[in-house]
Amino acid sequence: MSETDLALRGNKNAAIIMAMTELFGISIQEAVNVYFQSETAQLIEDKVADLHCRSEKYLATLVWEEYLDNKDSI
């Protein structure tokens, strides 16, 4: 993987995490934990269904909904 690809991936992850903090009023640390423990993050990483092309706010919402669904099922 090229340095450019790594930089783009890092920027995308950071933007999604920041969108989560803004949309859902959570700390950066909580957003990081929720994001990197999500299946959605792995799908974005694997470029499944062109998720990596979606907006950060859309992806932040998907990750948060996954988190809430998993939290409720425990």
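What counts and how
- Residues numbered from 1 in each chain as written.
- Predicted model: local features only at pLDDT ≥ 70, side-chain atom pairs only at ≥ 80, totals over all residues.
- Heavy atoms only, no water.
- Helix = DSSP H or I, 4+ residues; strand = E, 2+ residues; numbered from the N terminus.
- Rg over C-alpha atoms; globule rule 2.2 N^0.38 Å.
- Buried < 20%, exposed > 50% of the residue type's maximum accessible area, 1.4 Å probe, protein only.
- Contact = heavy atoms within 4.5 Å.
- Areas by Shrake-Rupley, 256 points an atom, 1.4 Å probe, with all protein chains shown as cover.
- Lys, Arg positive; Asp, Glu negative; His and termini not counted.
- Charge placed at Lys NZ, Arg CZ, Asp CG, Glu CD.
- Axes fitted to C-alpha atoms, helices over the stretch in contact; angles between N-to-C directions.
- Parallel < 35°, antiparallel > 145°, perpendicular 65-115°, else oblique.
- Left-handed = near helix turned anticlockwise from the far one by under 90°.
- Nonpolar A, V, L, I, M, F, W, Y, C, P; charged D, E, K, R; others polar.
- Core = buried A, V, L, I, M, F, W, Y, C linked by side-chain atoms within 4.5 Å.
- Salt bridge = Lys/Arg side-chain N within 4 Å of Asp/Glu carboxyl O.

## Things to note about the overall build of the protein
Next up, step 1: Secondary structure summary: the protein contains 4 helices and 0 strands in total.
Next up, step 2: In the protein, the succession of α and β elements from N to C terminus is α-α-α-α.
Next up, step 3: Taking 74 residues into account, the globule formula puts the C-alpha radius of gyration at 11 Å, and the protein, at 12 Å, falls close to it.
Next up, step 4: Dimensions of the protein, computed from the C-alpha atoms along their principal axes, are close to 40 × 25 × 20 Å.
Next up, step 5: The 74 residues of the protein split such that 28% are buried.
Next up, step 6: Relative to all contacts within the protein whose residues are 6 or more apart in sequence, the contacts with residues 24 or more apart total 56%.
Next up, step 7: Looking at the protein as shown, the accessible area adds up to about 5000 Å², and 53% of this sits on carbon and sulfur atoms.
Next up, step 8: In the protein, the 6 positive side-chain charges and the 13 negative ones have mean positions that sit 5 Å from each other.

## Examining the packing of helix H1 (residues 3-24) against helix H2 (residues 28-36)
Next up, step 1: Their axes nearest at 9 Å, the elements H1 and H2 cross at an angle of 120°. Taken together, the axes of H1 and H2 lie oblique to each other. Relative to H2, H1 is oriented so that their crossing is right-handed. Contacts between H1 and H2 involve Asn 13, Ile 16, Ile 17, Met 18, Met 20 and Thr 21 from the former and Ile 28, Ala 31, Val 32, Val 34, Tyr 35 and Phe 36 from the latter.
Next up, step 2: Considering only residue class, the contact of H1 with H2 consists of 10 nonpolar, 2 polar and no charged.

## Side note on the nonpolar core
Next up, step 1: Among the nonpolar cores identified, the biggest contains 15 residues, and Ile 16, Met 20, Tyr 35 and Ile 44 are the most heavily contacted of them.
Next up, step 2: Setting aside residues no more than four positions away along its own chain, Met 20 makes contact with Gly 25, Ile 26, Ala 31, Val 34, Tyr 35, Ala 60, Val 63 and Trp 64.

## Details of the pattern of salt bridges
Next up, step 1: Tallied over the entire structure, the rule returns 2 salt bridges.
Next up, step 2: A salt bridge links Arg 9 to Glu 45; the shortest N-O distance between them is 2.6 Å. With Arg 9 in helix H1 and Glu 45 in helix H3 (residues 39-45), the pair connects residues that are 36 residues apart, well separated along the chain.
Next up, step 3: Salt-bridge contacts for Lys 12 lead to Glu 56; the nearest nitrogen and oxygen are separated by 3.3 Å. Here Lys 12 is found in helix H1, whereas its partner Glu 56 is found in helix H4 (residues 56-72), with 44 residues between them in sequence.
Next up, step 4: Assessed through its relative accessible area of 15%, Lys 12 is described here as buried.

Function cannot be read off these values alone, since they describe shape.
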